[in-house]
Amino acid sequence: MDHIDTPHAVVMQGITKRFPGVTALENVTIEVERGKLHAICGENGAGKSTLMKILSGIYPPDEGLLLVNGVEVRFTGTRHAEQAGVAIIHQELALVEDLSVAANVFLGREKRTSLGLLDEQAMTAECGRLLVSLECHVSPRARTGNLRVGDQQLIEIAKALSLNASIVVMDEPTSALTENESVRLERTISRLLAHGTTILYISHKMDEVFRLADRITVLRDGRHIKTVNRIETTPGEVTGWMVGREIASRQFDTPRVRGPKLLEINNLRVPWPEHPRGYRLSEISLDLHAGEILGVAGLMGAGRTELLETIFGAIEPTWTGTILLQGKPVRFRHPREACAAHVAMVTEDRKRLGLFPDLDVAGNVSLCSLTEALRGGFLSRAREESLVAAPLRDTGVKTPGPHASITALSGGNQQKCIIGRWLLTKPSLLLLDDPTRGIDVGAKAELYSLIDRLCRDGLGVILTSSELPELLALADRIIVLSEGRLIAEFSRAQATEQKIMEAATGS
Amino acid sequence: MPHPEASPKISSLLRSSEWALVLAILLAVIATAVADANHSYWFEPFESIRDIARNTALLGIFALGATVVIIAGGIDLSAGSMIALSGTTCATTMLALAPLQMMGMKPVGPLVVTIACIASLLVGFLVGTLHTWLITSIRLPPFIATLATLVGLRSFARALCESSTAALTPTKSALINVSDPLFKTVRENVSIPVAVFGVLALITWLILTRTVLGRHIHALGGNEQAARLAGIRTDNVQWFAYCFGAMTAALAGLFYVANESVAAPVNQGRGHELNAIAAAVVGGCSLAGGVGTVPGTVLGAIFLRVVIDAVSKIIKTGADVYEGLIVGIVVVIAVTFAQIGEMAQGGRRLLPGGLGLCAIPTLAILCGAIATMTAGARAGMIATGVAVAFLSFVRLWESRRTA
């Protein structure tokens, strides 16, 4: 497979792909140099993933040429692409959870003994070798579903390596990784590059892209905007190309008015019997005032979500300690009780924990306040519409109408609908668990303004985020969790990314 | 891919897929009217309508229950056994309260009948509660929980029948005759089950589209975890759904007893849970939950009964023999039609690869066998030939298109 006569590992020329009702890609041309890391940037829906799916044989292009190592190819499926040396690591991992690590690595290409039976020994041995080379300390015999996301991702990479792939596509690989795991992944990436592997890297995290990439291509609305060398550009410039405008990094510096004390938590401990640590959260004490945003920083697994879920009554109330809401001790056993006490929570995983795909926009927004849409004991469509009009307007949801399908909206608009749902319950305490995850840059800025405005209207907000700049921009105070403990607290003036990260990683 | 008809539209009475069902029903009726050698739709229209109406009402009553359970994201496999248990409970209660009249085939009086019917519905409530407890507290998958009661309840009904007849009558028996005139009235007046079905359909429709509970049922079926986190008491919503499912089956069980003048737990309602699920699915319910309508299920039930009736009219011999076959075919065709747009868009092939090659003779043999059994050897040969030719053409066309 050596065609050294061309410097380009991949050439995609004039690629066009249409789906019913939408042109996903229009006349996109990209040339990727061999042995380099080429980042593909763009907002959600810009066509990045579609382009990579064409490269890895999942979709055929409607128009255009695809050249791999100088040879024109027409892939009929991923297997075909893999044979040509192209492997893709999907954003949503495609592993069979109930099979062992080795079985997943060799899925569909199982090694066999001379009798035609599975050669478990050879597969386990080779898988082990691959895992060691990736610094992945799990057994090839482990059940894949029991592993952490970061390790699962490395298994996908091991799979690509076992294919001897010369071109590896990574679709937002760090979106679910902790900082440590991201660092390990970056080491793996540099090793792959050193071996001459070409990497196409999809991401909208600018820091990552600027640390790793040699060249950067920006897509917007299915069109190719620019391809530049990393050293010739700046993150601000690239973000500007992505959204089609320069984003001034928004600051919300005008001081907020701090209201009365809303929430006080003393010595909270959430046990976790099946875990060696014994607790999910321990010795947590904090307070929150109305009109204040409390940021919660921490790596994945630090207990951010658990903290919010405990307050909201979303997990079994086995905790000890006290939670005082407006001075009164509370112990919610079901989210219903939290709603009644004007506590609202926007959950972390929008698709899995927030959206109702079979209900329309109005149904998704009105769900927690349906009693207000009743007329004579029955739901009235007209009342429901007028009920949801205000939150849809206040949160700035762009929708064709209240009866549009929620799944047709963009991630940012879906998130605004869910925030709108909770605003209808007239909360005094709003818990936001990583509300901007998987949302594109433009929509993030709008959500920041929304959260800031809600806070100024007198809500108390607890905000978790895996993106530190977000917390730094929004929060009045930031607490840092690590391994279930509250490690540090910073005021807005004190907090820097450096300090928070040091506290979170315990360094 | 968002479901094109994902949002419950209250404004328009029927969705396009439901209009398609109306059309299919009309076509089936016309086909029967023409193809039936006795032309019973012409000569005995009222007889025919009464027959279909009775059967549809009996199926529809517990198909509505199945619909609610399916929209809530569950499944209830036990409806057929619940029918048997309900009938047996009713008959046993009457036997216990008025043994002499029951044995002497005399009227037992409206009070006893009322108590017996209430007892049956109460048993439905208890079974629904049991299901919900198994599913929400023990955390059994609905399929397993109701599979257990599918086999368990029928056995329980038989045991109840035998032990109660052993205790209250001179001989142990596997069935209890029910001859009270009230039941006879129900049997002779088709309008009663039809009216009950109509009212129940209206109530179910109101619950599902116009109440908070109904919205919560849709939400629960669409995304259970999100529903809980939105503050919905999902356990209670499930409790309603499974009780509604079991109680509609209990209600249907009473009509079965009236219809057959006997409570016979060995066979009454056997396998009927699948007809109810089929009616709901043909009517547009998704077994993934969250999607489905009452008009859809009503039309689905009518369609199933009309097609079964059509086959019995056209073939004449033993319609019950072919009932399962028809239900199976109708379900496959209805759900295929619902997906046909998606198939064409996604470029999916009907007969791909080696599987497609083997599917051609499989389907052709099936067609040929059915045609032979119903219309003779000659028809069988022709059907096989036509099927092979048609499917081969489809296969060739598909491989041309994708090449």
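Residues numbered from 1 in each chain as written. Chains lettered and ligands numbered in written order. Predicted model: local features only at pLDDT ≥ 70, side-chain atom pairs only at ≥ 80, totals over all residues.

### Re the overall build of chain B
Which entries qualify depends on this criterion: Here a strand is any run of E in DSSP of at least two residues, a helix any run of H or I of at least four, and the numbering for each starts at the N terminus. With C-beta atoms placed from the backbone, a residue is buried if 20 or more other C-beta atoms are within 10 Å of its own, exposed if 12 or fewer are, and partly exposed between those counts. Residues are treated as contacting if the C-beta atoms built from their backbones sit within 7 Å of each other.
Helices and strands together make up the secondary structure of chain B, namely 17 helices and 2 strands. With 403 residues in all, chain B has 45% of them scored as buried. In chain B, the proportion of contacts linking residues at least 24 apart, taken out of those at least 6 apart, comes to 74%.

### Remarks on the overall build of chain A
Under the convention used in this document: For the radius of gyration, the atom set is restricted to C-alpha positions; the globular benchmark scales as 2.2 Å times the number of residues to the power 0.38.
On a plain count of helices and strands, chain A comes out with 17 helices and 22 strands. Relative to the 2.2 N^0.38 estimate, which gives 23 Å for 507 residues, the radius of gyration of chain A is 25 Å and therefore close to what a compact globule would have. Taking the principal axes of the C-alpha coordinates as reference, chain A spans close to 70 × 50 × 50 Å. Taking all 507 residues of chain A together, 46% fall into the buried category. Counting only contacts in chain A whose residues sit at least 6 apart along the sequence, the fraction spanning at least 24 positions is 68%.

### Description of the domain arrangement of chain B
Convention followed: Residue ranges labeled as domains rest on an automatic or database domain assignment.
Partitioning chain B into structural domains gives domain 1 (16-346) and domain 2 (353-402). Using only C-alpha atoms to locate each centre, domain 1 of chain B and domain 2 of chain B end up separated by 35 Å.

### Considerations on the domain arrangement of chain A
Residues and elements named next belong to chain A. This is how the line gets drawn: The nonpolar class holds Ala, Val, Leu, Ile, Met, Phe, Trp, Tyr, Cys and Pro. Asp, Glu, Lys and Arg form the charged class, and all remaining residues, Gly among them, are polar.
Considered domain by domain, chain A is made up of domain 1 (8-243) and domain 2 (261-505). The C-alpha-based centres of domain 1 and domain 2 are spaced at 33 Å. Partitioned by chemical class, the residues of the side of domain 1 that touches domain 2 number 2 nonpolar, 5 polar and 2 charged.

### Structural notes on the confidence of the model for chain B
The predicted coordinates ought not to be read in detail in places where the model reports low pLDDT. Residues and elements named next belong to chain B. Basically, it comes down to this: Note: pLDDT gives the predictor's confidence per residue, expressed from 0 to 100.
Taken residue by residue, chain B gives an average pLDDT of 90. The fraction at 70 or more is 94%. Scored below 50 in pLDDT, residues 1-11 makes 20 contacts in the model with residues more than four places away or belonging to other chains. Reported for the predicted complex are a pTM of 0.81 and an ipTM of 0.84.

### Some details on the sheet that holds strand S8 (residues 198-202) of chain A
Residue and element names in this part refer to chain A. To be explicit about the condition: Here, any two strands with at least 2 DSSP bridges between them count as paired. With axes taken as lines fitted to C-alpha atoms, and helix axes fitted only over the stretch in contact, angles between N-to-C directions fall between 0 and 180 degrees.
Read from one edge of the open sheet, 6 strands run S6-S7-S8-S3-S9-S10, paired in mixed fashion. The sheet terminates laterally at strand S6 (86-89) and strand S10 (223-229), the two strands that pair on one side only. On average, adjacent strands in this sheet sit at an angle of 20° to one another, irrespective of strand direction. As judged from the 4 bridges shared by strand S3 (residues 37-41) and S8, these two strands associate in the parallel manner. Paired with His-38 across the two strands is Leu-200, which belongs to S8. Here helix H8 (residues 235-243) sits on the sheet and contacts S3, strand S9 (215-220) and S10; the angle it forms with S9, its principal contact strand, is near 25°.

### Looking at the interface of chain A and chain B
On the chain B side, the residues contacting the 29 residues of chain A number 22 residues. Sorting the residues of the side of chain A that touches chain B by element identifies helix H10 (335-340), helix H11 (350-353) and strand S18 (378-379) of chain A as the ones contributing at least two each. Class assignment of the residues belonging to the side of chain A that touches chain B gives a composition of 16 nonpolar, 8 polar and 5 charged.

### Examining unusual backbone geometry
Backbone geometry follows two general trends: most residues other than glycine have a negative phi, and most peptide bonds adopt the trans configuration. Positive phi is not limited to glycine here, since Glu283(A) has a value of about 50°. Looking at the element boundaries, Glu283(A) is found in strand S12 (residues 278-289). The backbone of Ser261(B) sits at a positive phi, close to 55°, despite the residue not being glycine.

### Focus: the packing of helix H4 (residues 79-97) of chain B against helix H13 (residues 272-282) of chain B
Residue and element names in this part refer to chain B. In plain terms, the rule: Here roughly perpendicular refers to angles of 65 to 115 degrees, roughly parallel to angles under 35, roughly antiparallel to angles over 145, and oblique to all remaining angles.
Relative to each other, H4 and H13 sit at 125°, their axes nearing to 6 Å. By the angle class used here, H4 and H13 are oblique. Along the contact surface, H4 presents Ala-79, Gly-80 and Ile-83, while H13 presents His-272, Glu-273 and Ala-276. Grouping the amino acids of the contact of H4 with H13 by side-chain chemistry returns 3 nonpolar, 2 polar and 1 charged.

### Quick notes on the nonpolar core
Spelled out, the test is: By convention in this section, buried Ala, Val, Leu, Ile, Met, Phe, Trp, Tyr and Cys residues joined through C-beta atoms within 7 Å make up a nonpolar core.
Counting 182 residues, the largest nonpolar core has Leu431(A), Val461(A), Leu463(A), Met94(B) and Leu304(B) as its most contacted members. Counting residues per element, this core draws most heavily on helix H12 (residues 234-260) of chain B, at 17 residues. Apart from residues lying up to four places away in sequence, Leu304(B) is in contact with Leu59(B), Asn275(B), Ala278(B), Ala279(B), Val282(B), Val327(B) and Val330(B). Ranked by size, the runner-up nonpolar core spans 65 residues in total, among them Met52(A), Val68(A), Ala87(A) and Ile157(A).

### So, helix H9 (residues 304-312) of chain A
Residue and element names in this part refer to chain A. Counting buried positions along H9 gives 9 out of 9 residues, so the element sits mostly inside the fold. Restricting attention to buried positions, one finds in H9 the residues Arg-304, Thr-305, Glu-306, Leu-307, Leu-308, Glu-309, Thr-310, Ile-311 and Phe-312. A positive phi of about 75° marks Gly-313, the residue just after H9.

### Some remarks on the pairing of S8(A)
Residue and element names in this part refer to chain A. Of all the 5 residues making up S8, 5 are buried; the element is thus mostly covered by neighbouring parts of the structure. Of the two faces of S8, both are covered, the one formed by Thr-198, Leu-200 and Ile-202 as well as the one formed by Ile-199 and Tyr-201. Note: strand S7 (residues 167-171) against S8, 5 bridges, orientation parallel. Note on S8: the bridge partner recorded for Val-168 is Ile-199.

### Details of the environment of Ala362(A)
Residue and element names in this part refer to chain A. With respect to the helices and strands, Ala-362 occurs in helix H12 (residues 361-366). Of the residues examined, Ala-362 has 24 C-beta atoms within 10 Å and is grouped as buried. Separated by 41 residues in the primary sequence, Ala-362 and His-403 have C-alpha atoms spaced 6.2 Å apart. Here Ala-362 is in contact with Glu-384, Glu-385, Val-388, Pro-402 and His-403, once residues within four sequence places are set aside.

### A closer look at the environment of Thr464(A)
All names here are of chain A. By the element assignment, Thr-464 lies in strand S20 (residues 460-464). For Thr-464, a count of 25 C-beta atoms within 10 Å gives the class buried. Among residues more than four places away in sequence, those in contact with Thr-464 are Val-296, Arg-304, Leu-308, Asp-433 and Asp-434.

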